[in-house]
Amino acid sequence: MTRVLVLNCGSSSVKYRLLDVPSGRVDEVEPAVVASGTVERIGEDAPGAPRDHAEALATVMAGLPLDGLTAVGHRVVHGGLTFTAPAIVDDTVIAAIRELVPLAPLHNPANLAGIEVARALLPGVPQVAVFDTAFHRTLSPAASTYAIDAETATRYGIHRYGFHGTSHAIVSRRTATLLDRPLAEVNTITLHLGNGASACAVEGGRSVATSMGLSPLEGLVMGTRSGDLDPTIIFHLHRVAGMPIDEIDDLLNRRSGLAGLAGVNDMRGLLARRAGGDRAAALAFEVYCRRIRSYVGAYYAELGRLDAITFTAGVGENAPAVRAAALAGLDRLGIEVDPVRNDTPERGARVISPPGAPVAVCVVPTDEEWEIASQTLGVVS
Ligand SMILES: Nc1ncnc2c1ncn2[C@@H]1O[C@H](COP(=O)(O)OP(=O)(O)O)[C@@H](O)[C@H]1O
Ligand SMILES: CC(=O)OP(=O)(O)O
Ligand SMILES: [Mg+2]
C-alpha cells in the first residue's frame, strides 16, 4: 500500500488530503481518501484561530495516521524558471523557493512553512514540491516576454511565469476525456475562477498563453486582486497620493478586485448583494465577467481553432450566472451557453453548451490535490 499526504498551504489556510493508492500510481486506480480537510483563518486574531501555519499543521498532522507514509506532496506556487517539473525537496530546493518569495508574497511563504513543518515532523519521508508555474514552461518566448528593456528584464527575472498550472493541466486533460477525444487534438481555454483566478489557452495539452504573469496579480479580476491595470496607476498613487510602495502592493493584492469594488471578496456574497439591488455589486460583477470575456476572445485568436471552454474552481464550478454573463454575446464565434444545462444542480464534469455547438462549453471540477499526489508518486517511485 502506498500512502501519500498532500498539503496545499494558502496565505491563510491549509488544505490537506491523505490518500491510499493500492497500485502505487494515482492514475491507475482511484485512490482512497483516508482524510481530508481545510484549516482556515490562520493568523487571524480570533478565538480558536491557529497562530500561524506551523501551529495549524502541527494540529492537522497530530490527527492523521501517518505511519508508513510514502511521500508528502506540496503545492508550491512560484517555481520561477528553475523548476519545469516536480522536485524532491532538499536544502537547495528550499533556498530556491525562498528566493522567489518577493514574486509570490501571498503564497510562497505559506508553501515553505508547510515544507518545513512536514520535514521536521516526518524526517526520512520524501517531500516533493509541485509547482503552479511548471505547466506554463511550454509558453513560447513571444508569449512569455514583457516588452520592456531586455537587459533589465533578464537581470531581474521579469518574465511571464503563469500560475494555477496544476489545475489547468488536470482540467484540460479531463475536458478531453469528457469530450471523448485525444488530448493532443483538443484546443481548450481553461478558466480557473477561485479566490485567485486565471485563464489559460491549452493547445493539445500544452499551455500556450496564460493570464497571470510575473506574479499571481495579473490578468482576471479576483476576490481581492485587481488583475490587469495600467502601470501608471502605481506611479500616480505613489507620486500624487503619496502612498508608499508597500501600501500600493497591499492595495492591489488584498484590497482590490471584488473586495475593492463591492466590499466583499466572496462570489456568493457578491451575488447575494447584486440580487438585492446593490449597484456596486452589480458593477463588480460586470467588470469581473467582462474581463473573462476579453481573455476568451484573445485566446480564441491565439489558438486559431477552439474546441472547448472549461470553467473550474469555486466560482467556475458553482456560479451559473458568471458562466452565462462571461460568455454572453459570443454566439457568432460558436460559443453559446444552454440556459437549462447551465443551471442544472448536477455536479461533476459536464457540457453546458447546446448539443452540436461548434465550441463545447464545459464545467470540470478541478482537483489540484489529486494531480499533486499523482505527480508526487511519479517522482518518488
Ligand atoms: N455556490 C457558489 N456560488 C458562487 N460562488 C461560489 C460558490 N461556492 C464557492 N464559490 C466561490 O468560490 C470562491 C473560492 O473558490 P476556491 O476554488 O475554493 O478558492 P481557493 O482554492 O483559491 O481558496 C469564492 O469566491 C466563493 O464565493
Ligand atoms: C496562484 C494563485 O493565485 O493561487 P490561489 O488561487 O490559491 O490564491
Ligand atoms: Mg485554489
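Refer to the structure above for everything that follows.
All values reported here derive from a predicted model rather than from experimental measurement.

(A) Summary view of the site of ligand 2. The full set of residues close to ligand 2 is R75, V77, H107, D132, F163, H164, G196, M212, P216 and R225. Across the complex, the protein chains shield 85% of the 260 Å² of accessible surface that ligand 2 would expose by itself. Spatially, ligand 2 is embedded in the largest pocket. Per-class residue counts for the shell around ligand 2 are four nonpolar, three polar and three charged. A domain split of the shell around ligand 2 shows at least three residues from each of domain 1 (2-131) and domain 2 (180-363).

(B) Local environment of the site of ligand 1. Taken together, the neighbourhood of ligand 1 is formed by K15, G194, N195, G196, D266, M267, R268, A313, G314, V315, N318 and A319. Interatomic distance of 2.7 Å between a side-chain N/O atom of K15 and an oxygen atom of ligand 1. D266 places a side-chain nitrogen or oxygen 2.6 Å from an oxygen atom of ligand 1. Contact with the protein chains hides 72% of the accessible area of ligand 1, taken as 580 Å² for the molecule alone. Here ligand 1 is seated within the largest pocket. Ranked by the residues each element gives to the shell around ligand 1, the list is headed by helix α12 (residues 313-318), at four residues. Classifying every residue of the shell around ligand 1 by side-chain character gives four nonpolar, five polar and three charged.

(C) Layout of the layout of surface pockets. Roughly 1600 Å³ of internal volume is contained in the largest pocket. Along the wall of the largest pocket there are 46 residues; nearest its centre are S13, K15, G194, N195 and G196. Residues that form the lining of the largest pocket fall into these classes: 13 nonpolar, 18 polar and 15 charged. Both domains that meet at the lining of the largest pocket, namely domain 1 (2-131) and domain 2 (180-363), each give it at least three residues. Lining the second largest pocket are 26 residues, and of these L214, S215, L217, I234 and L252 lie nearest its centre. When residues of the lining of the second largest pocket are assigned to their parent elements, the largest contribution, five residues, is made by helix α8 (residues 245-254). In terms of residue class, the lining of the second largest pocket is built from 17 nonpolar, five polar and four charged.

Reading the values: rules and limits
Residues numbered from 1 in each chain as written. Chains lettered and ligands numbered in written order. Predicted model: local features only at pLDDT ≥ 70, side-chain atom pairs only at ≥ 80, totals over all residues. Heavy atoms only, no water. Near = heavy atom within 4 Å. Areas by Shrake-Rupley, 256 points an atom, 1.4 Å probe, with all protein chains shown as cover. 1 Å grid on protein atoms, 1.4 Å probe; cavity = no way out; pocket = protein on both sides within 12 Å on 5 of 7 lines; lining within 4 Å. Sits in = over half its atoms within 2 Å of the grid points. Nonpolar A, V, L, I, M, F, W, Y, C, P; charged D, E, K, R; others polar. Domains from an automatic or database assignment. Polar contact = N/O pair within 3.5 Å; in protein donor to acceptor, adjacent residues only side chain to side chain. Helix = DSSP H or I, 4+ residues; strand = E, 2+ residues; numbered from the N terminus. Points joined across faces, edges and corners; volume = space filled by probe spheres on them.

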